[in-house]
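For reference, the chains in residue letters:
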Amino acid sequence: MNEVDYLSIISGARHDWRARCLKPCFGFLSLFYGAAVTVRNRLFDWGIKRARPVSVPVISLGNLTTGGTGKTPLVAWLSQWFQAHGVSVALLSRGYRALPGEVNDEKLLLDRLCPQVPHYQNPDRCASAEKAIEAGARLLILDDGFQHRRLARDLDIVLIDAVNPWGYGHQLPRGLLRESKSGLQRAGFVLITRVDQCPPELLEKLTAEVKQFVPEHRIAHVRFAPRGLVNAAGETRELTEVTGKQVWGFCAIGNPRGFQQTLVDAGGRVCGMRVFADHHHYSEGDLQEIGSEAAQAGAELILTTAKDLVKISEQKLTGLPVWAVEIGAEIVQGAADFEEILRKTGLVEPEK
């Protein structure tokens, strides 16, 4: 079963006999998964297992769910914020789904967005932390670190996607939750992302749910705004190039619905979409199929994400130009509270 089929089953989009059989099986397995996660967290909470401290502040960005909540643009935002305040930053990540001997798409994209920030990819993030500190880092940003409790951190930032906040309401594998909502009690700050794609009444309800675990002044709202287009050669175009055009999209990210909405918000007329599993590595065959399908649908442009673009070198497919929509994180509510807690790392002077 591929990832797209799996998501269609747990989301309830599929109602065939296979989906009806598999959902109860997933639900049964979720009981064991949830018990294992709870026991592990309790071992850390009670001090039986201990997190390893290091000599510089550590900030973790993570999720309660698997899939895309927008960590990469927020890792870039955070790195750039501390750099602008004169702090030497290093990024630590696991290197999820990287090919042997290579790095994954997130590192390729972050290397482009934050070219002066070293990025260490290693499942042993304690070892990476020591290397980064030896190289002169004064702050470590732990990417996807909320459940990685071996490395002590000074601040846990948790991202919640407003479009699908609780991973279809179940823990893995029946849903996408890595742990229960009560895990938010460990969070130092919560960023609710994609708030512009969520109806106001649902966003208000979600914020109220989060406030059961985190005080209001530790919650901020974020949107991901398209800023322009870039191609594999590094050429850029204004976002207005998309307005009114027939566009075909493709992506291999955790939240493809969010990307499709971004294309609509940019003014494109989406005539088709091809979704691959998160972190998919594109083959020549994949790219030929994308180009052929886009041409048959009458597309004028092929659009993808910046995270996908770093994995391909083609500027055209079947004669159609290929561009990535560049996204930037914008904190639309709670920015002052968020920056205040960042200053409490002691690395940035308080505002006067």
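Residues numbered from 1 in each chain as written. Predicted model: local features only at pLDDT ≥ 70, side-chain atom pairs only at ≥ 80, totals over all residues. Heavy atoms only, no water.

A. Looking closely at the UniProt feature "binding site: ATP" (unreviewed entry) in the protein. Mapped onto this numbering, the UniProt entry annotates "binding site: ATP" (unreviewed entry) at Thr65, Thr66, Gly67, Gly68, Thr69, Gly70, Lys71 and Thr72. Locating Thr65 in the fold gives a position in the loop between β1 (58–63) and α3 (71–84). Every residue in contact with Thr65, bar those within four places of it in the chain, is listed here: Pro165, Trp166, Gly167, Leu176, Leu177 and Arg178. Mapped onto the elements, Thr72 comes out in helix α3. A relative accessible area of 8% places Thr72 in the buried class. (UniProt positions renumbered as here; feature names shortened; annotations may be inferred. Helix = DSSP H or I, 4+ residues; strand = E, 2+ residues; numbered from the N terminus. Contact = heavy atoms within 4.5 Å. Buried < 20%, exposed > 50% of the residue type's maximum accessible area, 1.4 Å probe, protein only.)

B. Quick look at the pairing of strand β6 (residues 189–193). Taken across its 5 residues, β6 has 5 buried, putting it largely inside the fold. Residues Phe189, Leu191 and Thr193 line one face of β6 and the alternating positions Val190 and Ile192 line the opposite face, and both faces are buried. When strand β5 (residues 155–161) meets β6, the two strands line up parallel, connected through 5 bridges. Bridge assignment links Leu159 to a residue of β6, and that residue is Leu191. Across 3 bridges, the pairing between β6 and strand β7 (residues 219–230) is parallel. (Pairing = 2+ DSSP bridges.)

C. Looking closely at the pattern of salt bridges. In total, this model carries 22 salt bridges according to the counting rule given. Between Glu179 and Arg186 there is a salt bridge, and its shortest N-O distance comes to 2.8 Å. Judged by relative accessible area, which is 4%, Glu179 ranks as buried. Look at Arg186 and you get partly exposed, because its relative accessible area is 21%. Linking Lys181 and Glu209 is a salt bridge whose minimum nitrogen-to-oxygen distance equals 3.2 Å. (Salt bridge = Lys/Arg side-chain N within 4 Å of Asp/Glu carboxyl O.)

D. Inspection of the domain arrangement of the protein at higher detail. By domain assignment, the protein separates into domain 1 (3–46), domain 2 (58–225 + 330–344) and domain 3 (226–327). Averaged C-alpha coordinates put domain 1 and domain 2 at centres separated by 23 Å. With 17 residues of domain 1 at the interface, the matching set in domain 2 holds 15 residues. Roughly 1,400 Å² is buried in total at the junction of domain 1 and domain 2, and carbon and sulfur atoms are behind 52% of that figure. If you sort the residues of domain 1 by the area they bury against domain 2, Ile10, Tyr33 and Phe44 come out on top, with a joint share of 34%. (Domains from an automatic or database assignment. Buried area = accessible area lost by both parts, 1.4 Å probe.)

E. Inspection of the packing of aromatic side chains at higher detail. Here the structure, examined in full by the defined rule, presents 7 aromatic pairs. On the numbers, 4.9 Å between centres and 85 degrees between planes, the contact of Trp81 with Phe82 is edge-to-face. A single burial state applies to Trp81 and to Phe82, both of which are buried. Aromatic side chains Phe250 and Tyr282 sit 5.5 Å apart centroid to centroid with 90 degrees between the ring planes, which places their arrangement in the edge-to-face category. With a gap of 32 residues between them, Phe250 in strand β9 (residues 246–251) and Tyr282 in the loop between β10 (269–275) and α8 (284–296) connect regions that are remote in the sequence. Given the relative accessible area of 12%, Tyr282 is considered buried. The lysine or arginine in question, Lys181, covers the ring of Trp166, its NZ or CZ lying 4.9 Å from the ring centre. (Phe/Tyr/Trp six-rings, centres within 6.5 Å; stacked < 30°, edge-to-face > 60°. Lys NZ or Arg CZ within 6 Å of the ring centre and 35° of its normal.)

F. Structural detail: the packing of α3 against helix α10 (residues 335–343). Remark: α3 packs on α10, axes separated minimally by 12 Å, with the N-to-C direction vectors making an angle of 60 degrees. When the axes of α3 and α10 are compared, the pair comes out oblique. When you trace α3 past α10, the crossing you get is right-handed. Between α3, through Trp77, Leu78, Trp81 and Phe82, and α10, the contact on the second element is made entirely by Phe338, Glu339, Leu342 and Arg343. Of the residues belonging to the contact of α3 with α10, the class tally is 6 nonpolar, no polar and 2 charged. (Axes fitted to C-alpha atoms, helices over the stretch in contact; angles between N-to-C directions. Parallel < 35°, antiparallel > 145°, perpendicular 65-115°, else oblique. Left-handed = near helix turned anticlockwise from the far one by under 90°. Nonpolar A, V, L, I, M, F, W, Y, C, P; charged D, E, K, R; others polar.)

G. Region of the structure containing the side chain of Asp156. Mapped onto the elements of the fold, Asp156 is located in strand β5. The class of Asp156 is buried, set by a relative accessible area of 9%. Engagement of the side chain of Asp156 in a polar contact is seen with the side chain of Ser60, the distance being 3.2 Å. Within the local environment of Asp156, its side chain forms a polar contact with the side chain of Arg153, the two groups lying 2.9 Å apart. Sequence-distant contacts of Asp156, that is, excluding residues within four places in its chain, are made with Ser60, Phe146, Arg186, Ala187, Gly188 and Phe189. (Polar contact = N/O pair within 3.5 Å; in protein donor to acceptor, adjacent residues only side chain to side chain.)

H. Spatial organisation of the pairing of β5. In terms of residue burial, β5 counts as a mostly covered element, since 7 of its 7 residues are buried. The side-chain alternation of β5 yields two buried faces, one formed by Leu155, Ile157, Leu159 and Asp161 and the other by Asp156, Val158 and Ile160. Summarising the sheet, β1 and β5 pair through 5 bridges and their orientation is parallel. Counted as the bridge partner of Gly62 is Val158 from β5.

I. Geometry of helix α5 (residues 125–134). If you check which residues of α5 are buried, you get Arg125, Cys126, Ser128, Ala129, Ala132 and Ile133. In an axial view of α5, the angular spread of the buried residues amounts to 155 degrees, which keeps them on one side of the axis. Summarising the geometry of α5, the exposed residues directed more than 90 degrees from the buried face are Lys131 and Glu134. Those residues of α5 that are buried are in contact with β2 (89–93), β3 (119–121) and β4 (139–143). A distance of 3.2 Å separates the backbone nitrogen of Cys126 from a side-chain oxygen at the start of α5, and that oxygen is part of Asp124. Positive backbone phi, at 110 degrees, marks Gly136, one or two positions downstream of α5. (Arc of directions from axis to C-beta.)

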